[in-house]
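Notes for the structure review
Here are the chains, one letter per residue:
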Amino acid sequence: MQLKQQARWARPRSIAIWTGVSILGAIGWAMLALSRGEEVSAAWMVAAALGSYAIGYRFYARFIQNRVLKADKTRATPAERLADGLDYHATDRRVLLGHHFAGISGAGPLVGPVLAAQMGYLPGTIWIIAGVIFAGAVQDMVVLFFSTRRDGKSLGQIAREEIGLVGGIAAVIAIFAIMIIILAVLALVVVNALAESPWGTWSVGLTIPIALFMGVYLRYLRPGRVAEVTLIGVALLLLAITSGRWIANSGLADAFTLAPGTLVTWLIIYGFVASVVPVWLLLVPRDYLSTFMKIGTIALLAVALVVTLPTLKMEDVTDFASRGDGPVFAGSLFPFVFITIACGALSGFHALISSGTTPKMIQKETQVRTIGYGAMLMESSVAMMAITAACILEPGVYFAMNAPPAVIGDTVQAASETITSWGFTLTPDQLTSAAHAVQESSLLSRTGGAPTLALGLSTILTDLFGGDTMAAYWYHFAIMFEALFILTAIDAGTRVGRFILQDALASIHPRLGRLRSTSWLPGVLLTSGVVVALWGYLLWVGVHDPLGGINTLYPVFGISNQLLGAVALAVCTVLLVKSGRLRHAWVTLVPLAWVSVVTLTASWQKVFSGDPAVGFLAQRDKYQDGIDAGQLIGPAKDMDDMHTIVTNATVDAAVTGLLALLVIVVFADALRVCVKALRRPGSVPLAEAPYVESRLIAPAGLFPTREEREELAAAGLGPGGGIPAQAGQERAPAEARE
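Quick summary incoming for the structure in this document. (Residues numbered from 1 in each chain as written. Predicted model: local features only at pLDDT ≥ 70, side-chain atom pairs only at ≥ 80, totals over all residues. Heavy atoms only, no water.)

1. Side note on the side chain of Thr388
Relative to the helices and strands, Thr388 resides in helix H16 (residues 368-391). You can call Thr388 buried: its relative accessible area is 0%. Here Thr388 is in contact with Ala42, Met45 and Leu305, once residues within four sequence places are set aside. (Helix = DSSP H or I, 4+ residues; strand = E, 2+ residues; numbered from the N terminus. Buried < 20%, exposed > 50% of the residue type's maximum accessible area, 1.4 Å probe, protein only. Contact = heavy atoms within 4.5 Å.)

Quick look at the structure:
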């Protein structure tokens, strides 16, 4: 009787709350979209985003989990059934959310939105919010569910088993190649952020021993004490950040001032080690730790926006959106905004994490909404903060930081004259003062997005904390924050790349089947070494590229990432059709159709466009003609640079074209399987693991419901859950069986 009375009161209260959330989000959208010429507060971007995220998570994500996927809490996950203490390890949902968020969060949500701000604040904002609700978060959640149902198999292996030999092989090749490109670009952004920065190098490096301590503490010293180890880890992290400034101003600064080439070596070593040690020792605690810094910084930035109410200085839609001659990147709004902003809206890289480490650690199928959909919304909020930080800067300063020297010149006088001719206001004194405020010698052509985000974040937080005297601190803090944000994706990505290679090699011949085992150390070391060597080579090439690396690799990264997203959505659509969920296949089919059109259009333009600023082949011909005529073309400094640019443009065109063709093959084979499944359902069996009843008890969300709390209490378990028979040991089931 009491429960029924509570339910009657809860329903009107819930309706009132969600009506208020909807109204707040609608007002935010109206202010952003309908304002013409008036000043628009950045707080409306926060309102539009948070209102939309809340509605999407509460209603759309729940619909997908309960009605489309029909997640079953009584079904044992691979973490429970296959626990080995190395890769398969049932992990507290709160810790796993941190790991998953850290694993999927790379350069995209920080860099892409900043670059896309040249089109105005409105196009990027619409794509980030709508894209994540209906495409990106859906992909992450559905891939995580289907991988969990298949013993945590990689996306490539699932494609091979569910689509067929031809489409499966094409998918595996495309996925692995894209994975290597993505890891190289992520690492390149880290190198650019940490090079010659003792503060950042010290602080980021110190997170590794802190994570090792947390892993040992949580597994052996105080098992199950998540809150306790969290407090210790956060305190140590704050110490690492603060001590970085001490190191930068001490005699140790030279020791931690590393050249890009040296950082490449250290990153390669780190990537190899992180991919072979047990997940509980380094990967999970380090990602969990870095998540606090990421979410804390973004939450602080959101609060600062609401309190200080800065206005958006960038136009809603700039002329560059229609002309396609933007100084930051060339190309029209369609399709290049949707390629430039990858992570934060839709990212194929996430599908590799959702079918890599996370499904091997998730406790319950019913947690896919919290971890898959929820973590992607968290990353999208990062992208929103990034584009907001870029758009509150004076447009002249923004373009001075993100346009290359070949466009604006290499002096503040030349830059101000060029940018003023575009219709923006900028003086040499503005550029000099902005650089001086953050203790930088110059902010000209600081391309790549990271410095722009750092300056925007510094501007917002300086208004709230410390005044102008703290501007330099917040700027360098933001640079370090971005490096740590991206670095955490490299360790998880390298491990996932190892899984993909292990599966691929083991499928070639039965004698190589042992390579699939995660407990056979020689195979683990071999495959990890190959993956690290491949992305390490591309990283080395990018660091020494005449065009700066980012200009060469980021377009390929954006296209590759979205092509991978198309492959993941195609695989999910096939699985929905094969499993009898045809009426709900639109959930993945609609975003699949959109991203396919966008990405294949971008691929065609990047390969065949006659504009050298857009097309790889046109760029190759331009520099080749210069070589033939003996003419040096900037930014090349000599003929060796000219030859390097020609080679890189040729390789970029070939790789982009090949990946697009492989994805088209996957689409064709996926369509064949879907048609076959509709005509003869029994002829296309699912490669799903058999049902095994779960003994593990764990809540579905971050905060247990009343019923879940009662179930945990009756079993004698804490909020992290576990197997009742092992509650006295205060261990996760994977630990107890080891």
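2. Remarks on the pattern of salt bridges
Counting across every chain of the model gives 15 salt bridges. Of the charged contacts, one joins Glu365 and Arg149 as a salt bridge, the two residues approaching to 2.5 Å between their closest N and O atoms. A residue pair is termed long-range when its members are at least 10 positions apart, and Glu365 in the loop between helix H15 (348-354) and H16 and Arg149 in the loop between helix H6 (121-148) and helix H7 (155-162) qualify at 216 residues. For Arg149, a relative accessible area of 9% gives the class buried. For the salt bridge of Glu162 with Lys578, the shortest nitrogen-to-oxygen distance reads 2.7 Å. With Glu162 in helix H7 and Lys578 in helix H24 (residues 550-578), the pair connects residues that are 416 residues apart, well separated along the chain. Accessibility expressed as a relative area gives 13% for Lys578, which makes it buried. Via salt bridges that share partners, Arg75, Arg149, Arg150, Glu162, Glu365, Lys578 and Glu688 belong to a single interconnected network. (Salt bridge = Lys/Arg side-chain N within 4 Å of Asp/Glu carboxyl O.)

3. Considerations on the state of the cysteines
Tallying each qualifying case throughout the model produces zero disulfides. The structure places no disulfide on Cys674, whose sulfur is separated from the nearest cysteine sulfur, that of Cys572, by 12 Å. Judged by relative accessible area, Cys674 falls into the buried class, the value being 14%. (Disulfide = S-S within 2.5 Å.)

4. Quick look at a nonpolar patch on the surface
A cluster of nonpolar side chains, Leu165, Val166, Ile169, Ile173 and Val665, forms an exposed patch at the surface whose accessible area comes to about 450 Å². Examining the composition of the nonpolar patch, we find that four residues originate from one element, helix H8 (residues 165-194), more than from any other. Note that Ile169 resides in helix H8. For Ile169, a relative accessible area of 40% translates into the label partly exposed. (Patch = residues over 30% accessible without salt bridge, like charges linked within 9 Å, V, L, I, M, F, W, Y side chains within 5 Å. Areas by Shrake-Rupley, 256 points an atom, 1.4 Å probe, with all protein chains shown as cover.)

5. So, the packing of aromatic side chains
Under the defined criterion, the tally for this structure stands at 19 aromatic pairs. Seen from their ring centres, Trp604 and Phe608 are 4.5 Å apart, and the 45 degrees between their planes marks the pair as tilted. With Trp604 and Phe608 both in helix H25 (residues 586-608) and four residues apart, this pair spans about one turn of that helix. We classify Trp604 as exposed; its relative accessible area is 57%. (Phe/Tyr/Trp six-rings, centres within 6.5 Å; stacked < 30°, edge-to-face > 60°.)

6. Concerning the packing of helix H9 (residues 198-221) against helix H10 (residues 226-248)
Look at H9 against H10: their axes get within 8 Å of each other, and the N-to-C directions meet at 160 degrees. With respect to H10, the element H9 is oriented roughly antiparallel. Of the two possible hands of crossing, H9 and H10 adopt the one that is right-handed. Tallied by class, residues from the contact of H9 with H10 come to 18 nonpolar, five polar and two charged. (Axes fitted to C-alpha atoms, helices over the stretch in contact; angles between N-to-C directions. Parallel < 35°, antiparallel > 145°, perpendicular 65-115°, else oblique. Left-handed = near helix turned anticlockwise from the far one by under 90°. Nonpolar A, V, L, I, M, F, W, Y, C, P; charged D, E, K, R; others polar.)

7. A few points about helix H11 (residues 260-276)
The terminal C-alpha atoms of H11, which comprises 17 residues, lie 25 Å apart, in line with the 24 Å expected from a rise of 1.5 Å per residue. Within H11, burial applies to Leu263, Val264, Leu267, Tyr270, Gly271, Ala274, Ser275 and Val276. (Expected span 1.5 Å × (residues − 1).)

8. Observations concerning helix H26 (residues 616-629)
Over its 14 residues, H26 extends 20 Å from the first C-alpha to the last, a length consistent with the 20 Å expected when each residue adds 1.5 Å. Listed in full, the buried residues belonging to H26 are Phe616, Ala618, Gln619, Tyr623, Gly626 and Ile627. Looking one or two places after H26, you find Gly630, whose phi comes out positive at around 70 degrees.

9. Some words on the nonpolar core
Core analysis: the largest hydrophobic core is formed by 202 residues, its most contacted members being Ile64, Leu69, Leu312, Tyr373, Met384 and Trp535. Discounting residues that sit within four places of it in the chain, Leu69 has contacts with Ile64, Met141, Val142, Phe145, Phe146, Leu576 and Arg581. (Core = buried A, V, L, I, M, F, W, Y, C linked by side-chain atoms within 4.5 Å.)

10. Brief notes about unusual backbone geometry
If a residue is not glycine, its phi is most likely negative; likewise, a peptide bond is most likely trans. Residue Pro335 is bonded to the preceding Phe334 through a cis peptide linkage, with omega at 10 degrees. Of note in this structure, Asp151 is not a glycine but carries a positive phi near 60 degrees. When you line up the elements, Asp151 lands in the loop between H6 and H7. On the basis of relative accessible area, Asp151 is assigned to the partly exposed category, the value being 23%.

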